[in-house]
Amino acid sequence: MSPIAESLFNRRRFLNHLGILGIASSLSMGDLAFASDISGRVGSVSPSTAAPAIRNRAPLAASAFSLLPLGSIQPHGWLLNQLEIQAKGLTGHLDETWADVGPNSGWLGGTGESWERGPYYLDGLVPLAYLLDDARLKTKAQRYIDWVLEHQAADGMIGPVSNNDWWPRFVMLKVLTQYAELTNDPRVVPVMDKYFRYQLQELPKRPLIDWGKFRWQDAVLSVIWLYNRTGSAYLLDLARMLHQQGFDWEGQYADFKYTKRITAQYIKLGEGEGLKDLALSTHGVNNGQAIKTGPVWSLVSGSKTDRAAVLQMISELNKYHGLPNGMFSCDEHLAGLDPSQGSELCTVVEYMFSLEQSLAILGDPVLGDMLERLAFNALPGTLTDDMWAHQYNQEPNQVECSLHQKPWTTDGPESNLFGLEPNFGCCTANYHQGWPKFANSLFMLSGAGDDTSQDGLVAAVYAPCEVHTILRGIPVHVVEETEYPFRETVHFTITPAAPLNFPLQLRIPAWAAGTTILVNGEHALKPEAGSFARIERTWKPGDRVTITFPMSPRVSRWFNNSVAVERGPLVFSYGIGESWVKLRDRGMTADWQVFPTTQWNYALSIQIDKLDKSIVVSESAVIEGPFTARNVPVQLKVKARKLTEWRAEDGAANVLPISPVISDQPEETITLIPYAAAKLRITAFPHCGN
């Protein structure tokens, strides 16, 4: 039997599951626990089964796409390898070496850390454990889940009694929604329902403050998740109350005032005002989470203005704080356009999550482009190759990782060390969600409402995987074979259980002019860059779709008219020689400084209007660890000249000279490698005028 045939769904099991969902949808809340118990006995989502996507209930607005239920997508190839490295690294062992999520955690009933770190850790550990079907990781996560579900207070509160802050509950609720989709555990919905009823009663007396006030949109996501499963009207009242008490992010970006580097003096950090609105509204992670605010709230409001807010926010951040790796500067407050400024790792993964949610709600392909830029550059670029250590801040122009105060706006001297918890431990707990949630966002479902006749599949972002889903009651299996983003070709094999007419939408990146699409070897259409190409036909088992994205090198313009070199979704950097010096052991891992061993102060000497003659592309096999310097699958050869007046000070590259520049140094050929492979790097280059 072929692998495709072996992967087809067990239809009887699927129909049983559909029957249970139908029963559950007709029950009252009082009967829901019983229905959930029946569902729980069906078993968790596995490669041989798939649950239908759950759409927004009226009066919620429809989303352009729907995220598939967790468990529908299985990673393969290099993406699976990244997840396996993560499981073998710090994610898979953090509770064994870091007390904040260890056996004395407040989220296990202990007297240890009882705020955000336990929920943060689970927000990545749970999806990773189930993507890999890893019994060891599932057991680790289950201890926390069981404690939360079994120790709900009589009034409905969840979590440690020593800390009643609303904010960490927002994260734990996200964890519970993921866990429920993956396992059908009958305890989750009643616990969430009781908690939200309690919160609705308490918020008028104990309103949102500081972190919860600025991250209210994350709570609304979980409220909507539960509403779509129960239809309880009070949940929409709760969503409106969270919105009313939450910070007005859309208002901030409608008249964006934070156009310069934010300093500690500006936000009065030394005067104890770190939790005041000014500091929190310019805080990087808060802004990364806030990017999804408009789309999320539009589901309740139905407002086109709310739906459009995400692009306004991104535009302002890019204009005043944008960096070549796809991030905006935030170390840890907004820090301007200089590529020697950093971005916090928490912000990277939260920005990715915001883009994943916003892409599903809006269906705008530009959000997929941005998501890939972060996932293929900024995310792996701030982790060690074995994922046993990470940075708090990364810089596109990162010439040293050492104990210096410069260039950080409000952070400390450990900020770009690689280690267990450099500068602050939030990223140690939170970064684990990056790769798993990206993997769970590769495919989405199109169509809206109860009419399933328009349902179809959407290839939202690209990486090797397979997906099992249900379209119009028919199981559909799709295998995606690709070495993208390192190669330009993506193959899909589409196998419905029976011939089935449905649309397949393929995201065509804005950089991919000239993309070709073949169906069973024949040209299907000429897609437009920056759009979703739609192919609607009756699909038969074994149909093949091939996309070829032209990946010619290109340049983009940045701070002081500098240039960055890109190819496909990858950003390229000059990899500076690295000397890793252990600063201290940290349990099962260590903290490291990284010092340069080669010169780095190059200006590119390329003809921007003749890049095909100025940049030579060289490819090698895509093997394990493709984001590492030892296994670089693609590199670029370019001409450059040293710029002797451009130097470093206190471990940071000085401000880029304004291009074009003149250099009297001889022309050399240098090699650029993918951004993430170079832990010391130059990404934004001066450009020679001679």
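Structure report, in brief. (Residues numbered from 1 in each chain as written. Predicted model: local features only at pLDDT ≥ 70, side-chain atom pairs only at ≥ 80, totals over all residues. Heavy atoms only, no water.)

1. Let's talk about the packing of aromatic side chains
Summed over all chains, the structure comprises 34 aromatic pairs. A ring pair is formed by Trp78 and Trp435, whose centres lie 5.8 Å apart and whose planes are at 75°; its orientation type is edge-to-face. Remark: Trp435 occurs in helix H21 (residues 434–439) and Trp78 occurs in helix H4 (residues 77–88); sequence separation between them is 357 residues. Trp435 shares its class with Trp78; the two are buried. For the ring pair Phe256 and Tyr258, a centre distance of 6.0 Å and an interplane angle of 90° mean the geometry is edge-to-face. By relative accessible area, which is 9% here, Phe256 ends up buried. A cation over a ring is seen here: Arg117 above Phe424, with NZ or CZ 5.0 Å from the ring centre. Positioned over the ring face of Trp539 is Arg537, at 5.0 Å from the centre of the ring. (Phe/Tyr/Trp six-rings, centres within 6.5 Å; stacked < 30°, edge-to-face > 60°. Helix = DSSP H or I, 4+ residues; strand = E, 2+ residues; numbered from the N terminus. Buried < 20%, exposed > 50% of the residue type's maximum accessible area, 1.4 Å probe, protein only. Lys NZ or Arg CZ within 6 Å of the ring centre and 35° of its normal.)

2. A look at empty space enclosed by the protein
In total, this model carries two cavities of 30 Å³ or more according to the counting rule given. Of the voids in this model, the largest cavity is the one considered here, and its volume is about 90 Å³. Taken together, Gln82, Ile85, Pro380, Leu383, Thr384, Asp385, Met387, Gly625, Phe627, Thr628 and Lys679 make up the lining of the largest cavity. Considered class by class, the residues forming the lining of the largest cavity number five nonpolar, four polar and two charged. Together, Glu395, Glu400, Ser402, His404, Lys406, Pro407, Trp408, Asn416, Asp650, Gly651 and Ala652 line the second largest cavity. Each residue belonging to the lining of the second largest cavity can be placed in one class, and the counts come to three nonpolar, four polar and four charged. (1 Å grid on protein atoms, 1.4 Å probe; cavity = no way out; pocket = protein on both sides within 12 Å on 5 of 7 lines; lining within 4 Å. Points joined across faces, edges and corners; volume = space filled by probe spheres on them. Nonpolar A, V, L, I, M, F, W, Y, C, P; charged D, E, K, R; others polar.)

3. Some thoughts on the pairing of strand S18 (residues 578–586)
The pairing of S18 with strand S19 (residues 589–596) spans eight bridges and is antiparallel. Each bridged residue has a counterpart across the sheet, and for Arg584 the counterpart in S19 is Asp591. Between the antiparallel neighbours S18 and S19 lie two residues, among them Gly587 with a positive phi of about 65°. (Pairing = 2+ DSSP bridges.)

4. Topic: the sheet that holds strand S9 (residues 489–496)
Backbone-to-backbone hydrogen bonds pair the strands of a sheet. The strands run either parallel or antiparallel. If you trace the seven strands from one edge of the open sheet to the other, you get S2-S7-S8-S9-S14-S11-S12, paired in antiparallel fashion. With one partner strand each, in any of the chains shown, strand S2 (73–75) and strand S12 (522–525) form the two edges of the open sheet. Strand-to-strand twist across the sheet, computed as the mean angle between neighbouring axes with direction ignored, equals 25°. Pairing of S9 with strand S14 (residues 543–548), which is carried by six bridges, proceeds in the antiparallel orientation. The residue bridging Thr489 from the neighbouring strand is Thr548, located in S14. (Axes fitted to C-alpha atoms, helices over the stretch in contact; angles between N-to-C directions.)

5. Some thoughts on the nonpolar core
In a soluble, globular protein the nonpolar side chains are often hidden away together inside. One finds Phe196, Phe438, Phe443, Phe492 and Leu506 to be the most contacted residues of the largest nonpolar core, which totals 205 residues. In terms of residues, this core owes the most to one element, helix H18 (residues 345–362), which gives 12 residues. Dropping the residues within four chain positions of it, Phe492 is found in contact with Phe443, Ala459, Tyr462, Val478, Val479, Glu480, Leu506, Asp543, Arg544, Val545 and Ile547. (Core = buried A, V, L, I, M, F, W, Y, C linked by side-chain atoms within 4.5 Å. Contact = heavy atoms within 4.5 Å.)

6. Overview of the pairing of strand S22 (residues 634–642)
Relative to S22, strand S20 (residues 602–604) is paired through three bridges, and the arrangement is antiparallel. Each residue of the ladder has a partner; that of Tyr602, found in S22, is Lys642. Strand direction decides the pairing type here: strand S21 (residues 616–619) and S22, joined by four bridges, are antiparallel. Bridged to Glu619 within S22 is Val634. Judged from the five bridges that link them, S22 and strand S25 (residues 668–674) form a sheet pairing that is antiparallel. Bridged to Val638 within S25 is Ile670.

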